[in-house]
Amino acid sequence: MQATGPAGFYNVPVTKFLVIFVGVCSILAAIMNVKQYFNLQLIPHITIHHQFWRLLTSQIAFGSSGDVFFGSLLLYTLRVIERQYGSSKYMAFLFISVIISTLLELGALVVGAQVGLKSIPGGPYALIFSALYQYHRIIPVTYRFRVFGVVMSNKLFLYILAFQIAFSQSFETLTPAICGILSGALYRTDIGNIKQWRFPAIIQKLTIRFVKPFLVSPPVARSAATTPNQRPIVTGILPVDNLMTNGLRNRRATNASASNRSETASVSAAATEGTSSMREYLDTITGRDVTGSELEPPSPEHTRVLLAMFPDHPRENITRALSSAHNNLNRAVEIMLSTPSPNNEGSSGTTTTATTAAIPPPPTASSSITRST
């Protein structure tokens, strides 16, 4: 069914009063067995007995238990009209709709007497269909769907419910439904500026002071299950490094037969390999792996700054950090701080260079010939 904003009667006191009042009157009429006093009949109630009070009572109570349920459900769903209009305008709209629809029902009884229409059952049918017409005009369609190739909208469910209540008692309930639609259309045309009419200010003040406090409903709290779980945002690789190191240390405890030095070396190598693998995996997920991406190249100024700050890191790591940080120097510094420096590689490279420089080059063939000569 159409989503109508917050659930419950929050900010719709007029709808809350209407649903409670109609429901209580309908139940009391059934318990006290006075349903016959809520029908509207031209002859003999109006013309002979002059029971004009039936013009009012015919709008406040349903005569069928099924209509009580479906009518209350329709009134509750149509509370979105009150949220669109405001309580003051919605109350004026209901009052004008009742007057216009009652006059139309009297005319329908006069004309329909020749075709067998003698009475109209009690219930705010005209009021419901007048509000339903406003719903049709001002509430947009949320979504559409197809059933056997026929395009339908989400409003279809509400219209089916209204169709059922309109034909609940054949043409006797269809007549006030049509009168309600006509009254809603007449209100929509704004003939004589009827849309601008409101109840006098004194009545509104008295209602707000003495009636509205009993009809105010708090908003329904949203369930925590409907909101997605808040997941932590990965801001660095350091926690992953610690996790890998701790896991490898626990695995190292099972290999008690190996020497301490070999264990330390293997753990360090495995930690470095696992850290790099995990970092590549996270880079792929978070989009920080910029290989083949269309990001702009790293800034030369930021590259020089990072080269000065991290002389032990190769240029490739610095450009990768800048590209991952989208040329954000602060973010690139954080990435570089979480990236282990290649000390082992640097020390091994330095040792190899020093060893190569210390060993003299082997004598060539020309030098051997010169010595023999």
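In this text, all values refer to a predicted model and were calculated from it rather than measured experimentally.

**Remarks on the overall build of the chain**
Thinking step 1. Each helix and strand in the chain was counted, giving 17 helices and four strands.
Thinking step 2. Buried positions account for 35% of the 373 residues belonging to the chain.
Thinking step 3. Long-range pairs, those at least 24 residues apart, make up 72% of the contacts in the chain between residues at least 6 apart in sequence.
Thinking step 4. Summed over its atoms, the accessible surface of the chain is roughly 23,400 Å², and 63% of this surface lies on carbon and sulfur atoms.

**A closer look at empty space enclosed by the protein**
In this approach a probe as big as a water molecule rolls over the atoms, and the regions it shows empty are the leftover space.
Thinking step 1. Per the counting criterion, the structure on display carries one cavity of 30 Å³ or more.
Thinking step 2. Of the pockets and cavities examined, the largest cavity occupies roughly 30 Å³.
Thinking step 3. Along the walls of the largest cavity sit Leu40, Ser58, Gln59, Glu105, Ile120, Pro121, Gly123 and Pro176, which together make up its complete lining.
Thinking step 4. Of the residues assigned to the lining of the largest cavity, the class counts are four nonpolar, three polar and one charged.

**Looking at the packing of helix α7 (residues 125-138) against helix α9 (residues 171-189)**
Thinking step 1. Orientation of α7 relative to α9, taken along the N-to-C sense of each, is 45°, at an axis distance of 7 Å. It follows from the interaxial angle that α7 and α9 lie oblique. Seen from above, α7 lies across α9 with right-handed handedness. Here α7 contributes Tyr125, Ala126, Phe129, Ser130, Tyr133, Gln134, Arg137 and Ile138 to the contact with α9, which in turn contributes Thr173, Pro176, Ala177, Gly180, Ile181, Ser183, Gly184, Ala185, Tyr187 and Arg188.

**Here's the deal with the side chain of Ser153**
Thinking step 1. Within the fold, Ser153 resides in strand β4 (residues 150-153).
Thinking step 2. Under the relative-accessibility criterion, Ser153 is labelled buried at 13%.
Thinking step 3. Beyond its immediate stretch of four places on either side in the chain, Ser153 contacts Val141, Tyr143, Arg144 and Phe145.

**Some details on the nonpolar core**
Most often, soluble globular proteins keep nonpolar side chains buried together rather than apart.
Thinking step 1. Ranked by internal contacts, the top residues of the largest apolar core, which has 34 residues, are Tyr90, Phe129 and Tyr135.
Thinking step 2. Per-element accounting of this core gives the leading share, seven residues, to α7.
Thinking step 3. Within the second largest apolar cluster, ten residues are counted, among which are Leu306, Ile318, Ile335 and Met336.

**Describing the UniProt feature "transmembrane region" (unreviewed entry) in the chain**
Thinking step 1. Following the UniProt record, the feature "transmembrane region" (unreviewed entry) maps to residues 12-32, 52-78, 90-113, 119-135 and 147-167 here.
Thinking step 2. The annotated region residues 52-78 carries 63% helix and 0% strand content, and the separation between its end C-alpha atoms amounts to 29 Å.
Thinking step 3. Across residues 90-113, the secondary structure splits into 96% helix and 0% strand, with the terminal C-alpha atoms separated by 34 Å.

**Things to note about the layout of surface pockets**
Thinking step 1. There is about 890 Å³ of room inside the second largest pocket.
Thinking step 2. Taken together, 29 residues form the lining of the second largest pocket, with Val14, Phe17, Met91, Leu94 and Phe199 sitting closest to its centre.
Thinking step 3. Secondary-structure elements contributing two or more residues to the lining of the second largest pocket are α1 (13-31), α3 (54-57), α6 (87-112) and α10 (201-210).
Thinking step 4. The element contributing the most residues to the lining of the second largest pocket is α6, with nine residues.
Thinking step 5. Class assignment for the residues of the lining of the second largest pocket results in 22 nonpolar, six polar and one charged.

**A short note on a nonpolar patch on the surface**
Thinking step 1. On the surface, a cluster of nonpolar side chains totalling about 600 Å² of accessible area is made up of Ile20, Val24, Ile27, Leu28, Ile31 and Met32.
Thinking step 2. Assignment of secondary structure puts Met32 in the loop between α1 and β1 (40-41).

**Some details on the packing of α1 against helix α4 (residues 65-77)**
Thinking step 1. Running from amino to carboxyl end, α1 crosses α4 at an angle of 175°, the nearest separation of the two axes being 9 Å. What the angle tells us is that α1 and α4 run roughly antiparallel. Across from Thr15, Leu18, Val19 and Ser26 in α1, the residues of α4 making contact are Val68, Ser72, Leu75 and Tyr76.
Thinking step 2. Each residue belonging to the contact of α1 with α4 can be placed in one class, and the counts come to five nonpolar, three polar and no charged.

**Concerning unusual backbone geometry**
Thinking step 1. Looking along the chain, the bond that leaves Ile43 and enters Pro44 is cis, with omega of 10°.
Thinking step 2. Position of Pro44 relative to the elements: it lies in helix α2 (residues 42-46).
Thinking step 3. Here Asn33, not a glycine, exhibits a phi torsion of approximately 55°, which is positive.
Thinking step 4. Along the chain, Asn33 turns up in the loop between α1 and β1.
Thinking step 5. The backbone of Ser170 shows a phi angle near 60°, a positive value even though the residue is not glycine.
Thinking step 6. Within the secondary structure layout, Ser170 lies in the loop between α8 (156-166) and α9.
Thinking step 7. Residue class for Ser170 comes out partly exposed when judged on its relative accessible area of 41%.

Here is what the cut-offs are and how they apply
Residue numbers restart at each chain and count upward from 1, following the sequence in its written direction. A pLDDT threshold of at least 70 governs which residues receive local features in this predicted model, and a stricter bar of 80 or more applies before side-chain atom pairs are shown or counted, although totals over entire chains, interfaces and linings include all residues. Excluding hydrogens and water, the side-chain figures rest on all heavy atoms present in the structure. Every helix listed is a DSSP run of H or I at least four residues long, and every strand listed is a run of E at least two residues long, numbered separately from the N terminus. To sort residues, take the accessible area from a 1.4 Å probe on protein chains only and compare it with the maximum for the residue type: under 20% means buried, over 50% means exposed, and anything in between is partly exposed. It only takes one pair of heavy atoms within 4.5 Å for two residues to be counted as in contact. In this description, accessible areas are obtained by the Shrake-Rupley approach with a 1.4 Å probe, and a residue is regarded as covered only by the protein chains that are shown. Lining residues are those with an atom within 4 Å of a point, where the points come from a 1 Å grid over the protein atoms alone and group into cavities, where a 1.4 Å probe fits but cannot get out, or pockets, open sets with protein on both sides within 12 Å along at least five of seven lines. Grid points are joined across faces, edges and corners, and a volume is the space filled by probe spheres set on the points. Polarity classes work like this: nonpolar for Ala, Val, Leu, Ile, Met, Phe, Trp, Tyr, Cys and Pro, charged for Asp, Glu, Lys and Arg, and polar for all others, with Gly in that last group. Axis definition: a line fit to C-alpha positions, over the contact stretch in the case of helices; interaxial angles, taken between N-to-C directions, run 0 to 180 degrees. Orientation is classified from the angle alone, with under 35 degrees giving roughly parallel, over 145 giving roughly antiparallel, 65 to 115 giving roughly perpendicular, and any other angle giving oblique. Handedness of a crossing is defined here by the sense of rotation of the near helix relative to the far one, left-handed for an anticlockwise turn of less than a right angle and right-handed for a clockwise turn. The set of buried Ala, Val, Leu, Ile, Met, Phe, Trp, Tyr and Cys residues whose side-chain atoms join them within 4.5 Å is what this entry labels a nonpolar core. UniProt positions are given in the numbering used here, feature names are shortened, and annotations may be inferred rather than shown by experiment. A patch is a set of surface residues, each over 30% in relative accessible area and not in a salt bridge, joined within 9 Å for like charges and within 5 Å for the nonpolar side chains Val, Leu, Ile, Met, Phe, Trp and Tyr. Salt bridges are identified by distance alone: a Lys or Arg side-chain nitrogen within 4 Å of an Asp or Glu carboxyl oxygen.

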